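The primary structure of each chain is shown beneath.
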Amino acid sequence: MAQTARAGKGNFLFYLIIFFLLLLILWLLYGNKIKRTLVPAKDWEEYVMKDPAGAPAPEPHKQLVVYLKPGTQRRDFNRWIEDSLVTQGDVFIRYVCRSCDSTLFLFEGSGVERFMMEKLLLSGGGVAKGGNGTRLDPEPAGETNHLYYTSNVRIKAEPPASAEADIPLPEPPDFRESPVKVAVFDTGLDTAKVPYRQFNASTDNCIPGAETGWNFMDNDNRWNDDYSGQHGTVVTRFLTNEVFNAARNGIELLPVKIFNSIGNSDFFSMLCAFAYASHQGVQLINASFGYYESVQSVDLRGNVVAAEGTPSDLLRTFVEKYLTQKNILLIAAAGNKIPAEDNVYMPEDPVNQRNLDSVHFYPASLSRLLPNVIAVTTAYDSFVSPRQNFSNKVVDISVHADIRTGETLTPLNQLQNEISIIRSKINLPWQLSGIDSNFRAASDHLSQAADEVKIPHFMFASPLTYGSFVEGSSFAAPVVAGKLTAYYYLYQDLLNNNQVITNQTRDSIFQRLSSNPDEGFLYKIPGLISKVKEGKIIVRYPNRNNKQRSAAK
C-alpha cells in the first residue's frame, strides 16, 4: 500500500511538472499575443510632446514619418508603436498634422532610431547618402497592413535669387474672370514686392489662425519671406506677372512657408502643408522645390541591396488623397543640377544624369503616376537647359528662357543682341519683365567662374531687379502656374465635373491652352520631343499677333 501511494504521488509530480513545462512553452510561444489581448497598449496621445517648439529637434533623418492607412483602428496603431518602437527605446511624437490630417505623425527618440537601423540591417544595410554628399543618412521606408513609414527626408530650398525691388509693382488690371485660389509652397512672401490679394478659404480652416497663410517651420502665421534672396517672393512675382499680364482670371494667394530662413525643410512639413492647402480649398499649388531620391539603395560597402520601400510610396498616396482626388493641380519644378547630389543620386552614365527616367526628383517625378502633377523645365528654342532635368515621359512642358549665355561667358554686345532678338520675337511688356537698357548690370551678373560658364545658362529676367537674371526650373514652374491661373476659365469645367482628373483631362487642358485665340503662348517644337512630352513649350508675355508661333502649334 505504501509503495502504491508513493508511486501515485510520483506520477502526480511527474504530470504536474509536464503540465507546467507545457504552460511555459505555450507562454513562450504565445505569451506576447495573450498579453496583447489582455493588456491594451499605451495610447498614442501619451507619446505626444507637450512643447515641441521648446524641445531641440534631431536631424530629419533621425525622425520617422508615419501615415496611417484608411480604416486603421486606434488599437492597432497603439500596438504597432509598442511592438515596433517602444521595445527599442524612448519614443516621442513631435507633431501630428492637426485636424488637417490626424493620421500623419512625426516620431523621434532612441526607439525610433533603433527601429530604422534595424530595418536597414534587415534589408542588407541599405542606406542612401545625404544631400551634402558627405554623410550616410539612413532612409528606411516601407509599409505594414496598417500604415506607411519613412525617415523624414531633408529638403533644401533652391539657391537665393536676386530680390532687390527695383521694378515697381504693376497696377492691378481689371480681371474679366473670377479669382483662382493659388498656394505657393516656398520660403514665404514679401507682400511689399508682389501684388497681393488676401486669401479667403472656401472651407473651414484646419489650423487656427492660418486663414491667410501658414509658416510650417515655426508653426505660426508669420509667413514673411526671411530667406536670403527671397526665393519665394521672386517665384511668386513670376507667377503674378503672368496673371496680371493676361488680365483674365484673378488670383488669391496663399503663402505656405515650408522653408526656414536658411532654406531648410523636411518631408513631414511638406506633407502636412499639402493637407492644409487642400483643406483651404486651393485650386492650384506651385512647388518650386524638390528632393532627389536614390533609384537604388546601397550598403556601406557600395553594394546594391533591395529596398523595402521609398518615401515616394507614401508621398504618392498622400498627394493622391489630398490633391488628385480633389482635382488640385500641382505645378512642380523638374529639378536642377546639384553637384553635391550628383555623386549620390545620379546614374553613372553622364548622358542620363539629368534624365528623370533614370533619376528620381520629387514631387515632379509623380507626374508619371498622377495626372494632376505637372513637371516643368527650361528650354531655349529646341534645347533643354543642360543644368535641368528632362524626360519626355515625366516632364510635361518647358518654358522658353529669356536668354542663353552660350558655351563661354557672354560678351556685352552679344548679350545686347540676344535681348534685342527676344524683344522682336515676343514683344515683352518691359515694365513687368525686368529687362531694360541696363545691360552693364546684366553682364556683371553673368560674370561667373570659368568652370560655371562652360555649360550654357538658360536664364530668365528677374521680375524684381532691372538688369538681373535668374536661372532654374524653380523659376520656370511659376510661369506655367501663372498661365494656368490666368486662363483657368478655359478649362475649369474639366476639373469641376465631379470626376477625378485623368491623363486625358491633363492633355485636354494643354490642348485648350494651345488653341486659345486670346494669345499664342503654348506651342510645340519637334526638337524638344525627346526631352519634353510632345515638345511643349510656353513663352512668357507673347505677342498677341505672333502668327508664326500660332502656326507652329
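Residues numbered from 1 in each chain as written. Predicted model: local features only at pLDDT ≥ 70, side-chain atom pairs only at ≥ 80, totals over all residues. Heavy atoms only, no water.

Undergrad: Is there a simple way to explain the sheet that holds strand β1 (residues 64–68) in this structure?
TA: Hydrogen bonds between backbone groups are what pair the strands of a sheet, and the pairing can be parallel or antiparallel. Read from one edge to the other, the open sheet built from five strands follows the order β2-β3-β1-β7-β6, with strand pairing classed as antiparallel. Since the sheet does not close on itself, it has two edges, and those belong to β2 (92–97) and β6 (141–143), each with one partner. Going from strand to strand, the sheet's axes swing by 20 degrees on average, the running direction of each strand aside. Sheet topology places β1 next to strand β7 (residues 147–151); five bridges connect them, and they run antiparallel. Residue pairing in the sheet places Y67 in a bridge with Y148 of β7. Running over the sheet, helix α5 (residues 267–280) touches β1, β2, β3 (101–108) and β7 and is turned about 170 degrees from β3. (Pairing = 2+ DSSP bridges. Helix = DSSP H or I, 4+ residues; strand = E, 2+ residues; numbered from the N terminus. Axes fitted to C-alpha atoms, helices over the stretch in contact; angles between N-to-C directions. Contact = heavy atoms within 4.5 Å.)

Undergrad: I keep staring at the pairing of strand β23 (residues 458–461) and nothing clicks. Help me out?
TA: Two faces make up the sheet, and in a regular strand the side chains alternate between them. In β23, alternate side chains face the same way, and those of F458 and F460 on one face and M459 and A461 on the other are all buried. Pairing analysis gives two bridges linking strand β22 (residues 403–404) to β23, with the strands arranged antiparallel. Following the sheet pairing, I403 is matched in β23 by M459. Pairing geometry for β23 and strand β24 (residues 469–471), over three bridges, is antiparallel. In the strand pairing of β24, F460 is matched with V470. (Buried < 20%, exposed > 50% of the residue type's maximum accessible area, 1.4 Å probe, protein only.)

Undergrad: Can you help me understand the packing of aromatic side chains in this one?
TA: With the rule as written, the count across this model stands at 23 aromatic pairs. Between Y95 and F268, the aromatic rings sit 6.4 Å apart at their centres with planes inclined by 15 degrees, giving stacked as the arrangement. Residue Y95 is located in strand β2, and its partner F268 is located in helix α5; the two are separated by 173 residues in the primary sequence. On the basis of relative accessibility, which here comes to 22%, the residue Y95 falls in the partly exposed class. Given the relative accessible area of 5%, F268 is considered buried. Centroid distance F115 to Y149: 5.3 Å. Interplanar angle 70 degrees. Geometry classified as edge-to-face. With F115 in helix α3 (residues 110–122) and Y149 in strand β7, the pair connects residues that are 34 residues apart, well separated along the chain. Here F115 matches Y149 in class, with each residue buried. (Phe/Tyr/Trp six-rings, centres within 6.5 Å; stacked < 30°, edge-to-face > 60°.)

Undergrad: I tried to follow the sheet that holds β24 on my own but got confused; where do I start?
TA: The three strands are arranged β22-β23-β24 in an open sheet whose pairing can be described as antiparallel. Only two strands of the sheet have a single partner each, and these edge strands are β22 and β24.

Undergrad: Would you mind going over the state of the cysteines with me for this structure?
TA: Taken as a whole, this structure holds two disulfides when the rule is applied. The disulfide partner of C97 is C272, and the gap between their sulfur atoms is 2.0 Å. Here C97 and C272 share a disulfide; its torsion about the S-S bond, 95 degrees, makes the bridge right-handed. Separated by 175 residues along the polypeptide, C97 in strand β2 and C272 in helix α5 bring together distant segments of the chain. There is a disulfide in this structure between C100 and C206, and the S-S distance comes to 2.0 Å. Because the sign of the S-S torsion sets the handedness, a value of about 75 degrees for the bond joining C100 and C206 places this disulfide among the right-handed ones. Of this pair, C100 sits in the loop between β2 and β3 while C206 sits in the loop between β9 (177–186) and β10 (214–215), and the two are 106 residues apart along the sequence. This pair shows no difference in class: C100 is buried, exactly as C206 is. Numbered by order of appearance in the sequence, the disulfide-linked cysteines of the chain pair as 1-4, 2-3. (Disulfide = S-S within 2.5 Å.)

Undergrad: I tried to follow the packing of helix α4 (residues 231–246) against helix α12 (residues 473–486) on my own but got confused; where do I start?
TA: Helix packing for two helices is described by the angle between their axes and how far apart those axes are. Where α4 contacts α12, the two axes come as close as 8 Å, and the packing angle between them is 35 degrees. Between α4 and α12 lies a crossing whose hand is right-handed. On α12, the residues touching H231, V234, V235, F238, L239, E242, V243 and A246 of α4 are S474, F475, P478, V479, A481, G482, K483, T485 and A486. For the contact of α4 with α12, a count of residues per class yields eleven nonpolar, four polar and two charged. (Left-handed = near helix turned anticlockwise from the far one by under 90°. Nonpolar A, V, L, I, M, F, W, Y, C, P; charged D, E, K, R; others polar.)

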